[in-house]
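# Examining the three-dimensional arrangement
Take a look at the letters that make up each chain.
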Amino acid sequence: MAALHSGGPELRDYLRRHGLLRVYEALLCGVIVMRPADPLLFLEEKLREIMEKGIDAVLWYLCIDSTLHPKLKRISETHLDTLFGVDAQLMTEELCTKAWNFHRRNLMKLYFGGWIKYNLLKKNKRKKAEQKMTLAVVHYNIQILKTVVQKWSMWVRIHKEKIALAASRLQDIFNKINLSAVLKVWHAEAHSSSKTNAYFARLSKESQKGSSDSNGLTLKHKTYQFPEKALLQIFRYVNLVDLARCAQVSQTWMLLTQNSSLWSDINFSSVKHKVQDKIVVNILQKRRPCVLRLNLRGCYSLHWPSFKSISECRNLQDLNLSECQGLNDESMRIISEGCRSLLYLNLSYTNITNGTLQLLSRNFPNLQYLSLAHCRKFTDKGLQYLGTGTGCHKLIYLDLSGCIQISVDGFRNIANGCSGIQDLLINEMPNLTDRCIQALVEKCRQITSVVFLDSPHLSDTTFKALTECNLVKVRIEGNNQITDLSFKMMSKCCQYIRHIHFASCQKITDAGLKKISKLKYILVLNMANCLRISDGGVQSFVRGSSGAKLRELNLSNCIHVTDASVKEIAQRCHQLTYLNLHHCENVTDDGIEALGNMLSVISIDLSGTCISDKGLKALGRHGKIKQLSLLECKNISDTGIQMFCKGTKHLEYCHVSCCHQLTDEAVKALAFHCHKLTSVSIAGCPKMTDTCIQYLATACHYLHFLDISGCINLTDKALKCLWKGCKQLQTLKMLYCRNISKQAVLKYTAKLEQHDYSDADPPSWLGYDRDGNTPSPKSTSENLLEQILQNEK
């Protein structure tokens, strides 16, 4: 039976197909419930009974004893058919309950699922309706906007047409009025011109002198016909005094001098010795709306009225008050109340204190450039004000040169308040140390340019701190602690540096130049007075990445540089415009001849070299040199200067001081070939006479600077010639000119901006005595020794 019972689904399928499944279930229930002693006999009896009654009469309890039948409640066939669709089955209450619960759960699942589907369908329909409504609203708004824009554009077009029509009518009216005014003025001018011509014709008949005067005045009258734009451009280069004189020439010129474009940049510094409060107040009250830049540098006689007038220039952006002795905190308070738009402010060499710095932080929110050079009365606390308030946070340029009272705390205060500084100038501060720069660089990481002149205590530590910034320009002079290590750090961390100036740094060697030869963007290199620099370093640098781009090179007093370096420079540096080989004693004509092929060079200093007439001739070959210095060149003569000047027509600056062998012929060549000369020095040339000054006065009308110190043969006649011919001369030096009298100096130099004069005998270091005789080497040594002993006493 166990085998039969566990026959699995295959046996059950077989019995179901043959209609014996009910018989199988009845026999199985009987065996399980009755547990007969002989199961086979029990099954045999029951099978016979089933065969007698038939298979249709078999019930599940047929093989069970009647005493063991369950007590069942009879359920009507109608109810069974209605509820379960069965034929006369007897069911227990438990089976009915289970059947009912099962049916109820199925119904709940069916209807709850249908309800959920209905709600989801309703929700989706509502979402679709909302989306359609949103699109409809957007479409409606677009249609409304299109309608509004179309109507607005139509209104604008019509309005523009009306405005254009009105402007056209107004322009026509203006043109008619202007034409009428021009015709009236032209008629008056023509009438005046006819009268003037008639007057000049009368004068020409009276005398020959009157005729010449008439020609001069007629020429002046024609100058009135210059275009106004041309005259305005000319007036921009005229100082205030000359501009006032121009205003007195004619009514036309007077009107032109009132043009606002001429008064946007006012420079009182050019006439600082003549400027008084009354002049400043008068000019600023008339021109205050258009003044943008105001320079009062060195105007020491200004006081409260001038500063009050400055405060009324509301549009002022650039103000220079350097060396104004009358400036104080109260004056700055007045200025700060009105000039809130300042971008540039120069307060160097003034008496300002912490109070002014506090005003800067409050009243100048846009200040970008500030100079406090040599202002000694403010302290570290004053610098702390720069970081408070609304001002000075935009500062990008700061000059603290000569402010020796600033300590490390002061620099830390600057870093806290002005972290955007890009250009930093700290010159002439012997107490400046590495700690100061480190404190500043902690927060000022945008520094691109630093200048430390005469700061002997800085070392490589400073440049290690500065490597955190993207340096573009470095200038330092007079330092014996900086070594090649700084150059090594720059080559690694300052890839875009363009300007390197390390003058008088004695520990810099060729190794440093080799380190920076890898940098690609260097345009300016100044290694003046670096005595350890030689051909090895110069040639390595020139052959490097920046050699072909270099614009300026200064090797002054680099005594180990020879012709080899000069030839390499001439071959590699195709864009070089400035070259300084001052006192490079080993440079000769061989190297200088190579420089003659450099078409880019316009300024060159060969003072103290071994150049001769041959080298000068080579230099004048391409004729583009504008500045030439030949101090103490003992091998040149008049012939060399003449050959140089024949090929050079653009020379503007020529210094040939202490060239004892030069005479008037050299100056004659300069004067008659180089008419654009503005600066000439013939100091220490004892063979020069009044004739050379006559040459200069006759041909060089643009001369601004002239040094004739030590020219012992010059007399008062030379000053008279300069007074007549060189009208633009501004600076004249006449030291050790014993044949020029004080009376002539007072008479002929009154209009000069600067002049130096002494009638003492020439000092021994000039190399000649009061008669122009060159002493023997023995006497020269004795003179120098005597001078040293006197200095020691």
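Everything here concerns the structure above.
In short, a report on the structure. Throughout, residues of each chain are indexed from 1 in the direction in which the sequence is written. Since the coordinates come from a predicted model, pLDDT governs what is reported: local features require at least 70, and pairs of side-chain atoms require 80 or more to be given and counted, while whole-chain, interface and lining totals use all residues. Where side-chain values are given, they derive from all heavy atoms of the structure, hydrogens and water being excluded.

Each helix corresponds to a stretch of at least 4 residues labelled H or I by DSSP, and each strand to a stretch of at least 2 residues labelled E; elements are numbered beginning at the N terminus. Counting secondary structure elements, the chain contains 30 helices and 20 strands. Here, two residues are considered to be in contact whenever any of their heavy atoms come within 4.5 Å of each other. Considering only contacts within the chain whose residues lie at least 6 apart along the sequence, 71% involve residues at least 24 apart. Each accessible area value is a Shrake-Rupley result obtained with a 1.4 Å probe; residue values ignore everything except the protein chains displayed when judging cover. Accessible area of the chain: about 44,200 Å², with a carbon and sulfur share of 55%.

Note on aromatic pairs: the rings of Phe, Tyr and Trp (six-membered ring only in Trp) are paired at centre separations within 6.5 Å, and the planes decide the class, stacked below 30 degrees, edge-to-face beyond 60, tilted for the rest. Inspection of the entire model under this criterion finds nine aromatic pairs. Residues phenylalanine 463 and phenylalanine 502 carry aromatic rings whose centres are separated by 5.5 Å and whose planes lie at 35° to one another, so their mutual orientation is tilted. Placement of phenylalanine 463 in helix 18 (residues 460–466) and of phenylalanine 502 in strand 10 (residues 499–503) is noted, with a sequence separation of 39 residues between them. The same class applies to phenylalanine 463 and to phenylalanine 502, which are both buried. Following the ring pairs from residue to residue traces out a cluster consisting of Tyr344, Tyr369 and Tyr397. Here, a charge over a ring is recorded when the distance from Lys NZ or Arg CZ to the ring centre is within 6 Å and its angle to the ring normal is within 35 degrees. The positively charged end of lysine 727 is found above the aromatic ring belonging to tryptophan 723, 5.5 Å away from the centroid. Under the scheme applied here, a residue whose accessible area is under 20% of the maximum for its type counts as buried, over 50% as exposed, and between as partly exposed, the area being computed with a 1.4 Å probe on protein chains only.

To continue, consider the packing of helix 12 (residues 304–311) against helix 13 (residues 329–338). Helix-helix packing is described using two parameters, namely the angle between the two axes and the distance between the axes. Every axis in this analysis is a line fitted to C-alpha atoms, fitted for helices over the stretch in contact. Angles between the N-to-C directions lie between 0 and 180 degrees. Axis separation between helix 12 and helix 13 bottoms out at 7 Å; the angle between their running directions is 20°. Here helix 13 runs roughly parallel to helix 12, going by the angle between their axes. Once helix 12 is placed against helix 13, the crossing between them reads as right-handed. Each of Trp304, Phe307, Lys308, Ile310 and Ser311 in helix 12 lies in contact with helix 13, whose residues at this interface are Ser331, Ile334, Ile335 and Gly338. Reported orientations rely on four angle classes, namely roughly parallel under 35 degrees, roughly antiparallel over 145, roughly perpendicular from 65 to 115, and oblique for the rest. By convention the crossing between two helices is left-handed if the near helix lies anticlockwise of the far one by an angle smaller than a right angle, and right-handed if it lies clockwise.

For the rest of this paragraph, the subject is helix 19 (residues 484–493). Taken together, the buried positions of helix 19 are occupied by Asp484, Ser486, Phe487, Met489, Met490 and Ser491. Where helix 19 is buried, its residues meet helix 18, strand 9 (473–477), strand 10 and helix 20 (510–516).

Moving on: the packing of helix 25 (residues 638–647) against helix 26 (residues 664–673). Relative to each other, helix 25 and helix 26 sit at 5°, their axes nearing to 8 Å. Here helix 25 lies roughly parallel to helix 26, going by the angle between them. Taken together, the residues of helix 26 that come into contact with helix 25 (itself represented by Asp638, Ile641, Gln642, Cys645 and Lys646) are Glu665, Ala666, Ala669, Leu670 and His673. Just so you know the grouping, Ala, Val, Leu, Ile, Met, Phe, Trp, Tyr, Cys and Pro go in nonpolar, Asp, Glu, Lys and Arg go in charged, and all remaining residues, Gly too, go in polar. Residues belonging to the contact of helix 25 with helix 26 are distributed by class as follows: five nonpolar, two polar and three charged.

In terms of strand pairing, strand 19 (residues 731–734) meets strand 20 (residues 754–757) through four bridges, oriented parallel. Among the inter-strand pairings, methionine 734 is bridged to a residue of strand 20, identified as tyrosine 757. Regarding topology, helix 29 (residues 742–748) serves as the crossover connection from strand 19 to the parallel strand 20, and that connection is right-handed. Whether two strands pair depends on DSSP finding at least two bridges between them. Look down the strands so they point away from you; if the path from the first strand over the helix to the second goes clockwise, the crossover is right-handed.

The subject of this paragraph is the nonpolar core. In this structure, Ile310, Leu321, Met332 and Phe502 are the most contacted members of the largest nonpolar core, which totals 175 residues. When residues of this core are assigned to their parent elements, the largest contribution, six residues, is made by helix 27 (residues 690–699). For phenylalanine 502, the residues in contact, after removing those within four places along its chain, are Phe463, Val474, Ile476, Ile482, Phe487, Met490, Asn526, Met527, Ala528 and Cys530. Take the buried Ala, Val, Leu, Ile, Met, Phe, Trp, Tyr and Cys residues and link them wherever side-chain atoms come within 4.5 Å; each set so joined is a nonpolar core. One finds Ala26, Leu27, Ile50 and Cys63 within the second-largest nonpolar core, a separate group that totals nine residues.

Moving on, we get to the environment of phenylalanine 307. As for its position among the elements, phenylalanine 307 is in helix 12. Linking phenylalanine 307 and arginine 333, residues 26 residues apart in sequence, is a C-alpha distance of 9.6 Å. For phenylalanine 307, the contacting residues outside a window of four places in its chain are Leu302, Leu321, Gly326, Leu327, Ser331, Ile334 and Ile335.

Inspection of the sheet shows strand 18 (residues 705–707) paired to strand 19 by three bridges, in the parallel sense. The residue bridging aspartate 707 from the neighbouring strand is lysine 733, located in strand 19. Regarding the hand of the β-α-β motif, the stretch spanning strand 18, helix 28 (residues 716–725) and strand 19 is right-handed.

On the secondary structure map, aspartate 563 appears in helix 22 (residues 563–572). Look at aspartate 563: it is buried, it has no salt bridge, and the nearest opposite charge is lysine 567 at 6.0 Å. A 3.5 Å cut-off defines polar contacts: any pair of N or O atoms within that distance qualifies, except that in protein one atom must be a possible hydrogen donor and the other a possible acceptor, and neighbouring residues in sequence count only when both atoms are side-chain atoms. Of the polar contacts made by the side chain of aspartate 563, one reaches the side chain of threonine 588; its length is 2.3 Å. With near-sequence residues (within four places) excluded, aspartate 563 lies in contact with Asn586, Val587, Thr588, Asp590 and Gly591. Under this rule, positive means Lys or Arg and negative means Asp or Glu; His and the chain ends count for nothing. Put simply, a salt bridge is a Lys or Arg side-chain nitrogen that is within 4 Å of an Asp or Glu carboxyl oxygen.

Now for the pattern of salt bridges. Summed over the entire model, instances satisfying the criterion amount to 13 salt bridges. Notably, a salt bridge pairs arginine 572 with glutamate 568, separated by 2.9 Å at the nearest N-O pair. With arginine 572 and glutamate 568 both in helix 22 and four residues apart, the pair spans about one turn of that helix. One salt bridge connects aspartate 771 with arginine 738, and the closest N-O pair in it is separated by 3.6 Å. Separated by 33 residues along the polypeptide, aspartate 771 in the loop between strand 20 and helix 30 (777–792) and arginine 738 in the loop between strand 19 and helix 29 bring together distant segments of the chain. Through salt bridges with shared partners, one network takes in Glu330, Arg333 and Glu337.

Another aspect to go through is the state of the cysteines. The disulfide criterion used throughout: a pair of cysteine sulfur atoms within 2.5 Å. Throughout the structure, instances matching the rule amount to zero disulfides. Sulfur of cysteine 633: no disulfide; nearest cysteine sulfur belongs to cysteine 659 and is 5.5 Å away.

Our next topic: unusual backbone geometry. The backbone of histidine 583 sits at a positive phi, close to 60°, despite the residue not being glycine. Position of histidine 583 among the secondary structure elements: in the loop between strand 13 (578–580) and helix 23 (589–595). Despite not being glycine, tyrosine 736 shows a phi value in the positive range, around 60°. Among the residues examined, tyrosine 736 registers a relative accessible area of 21% and is labelled partly exposed.

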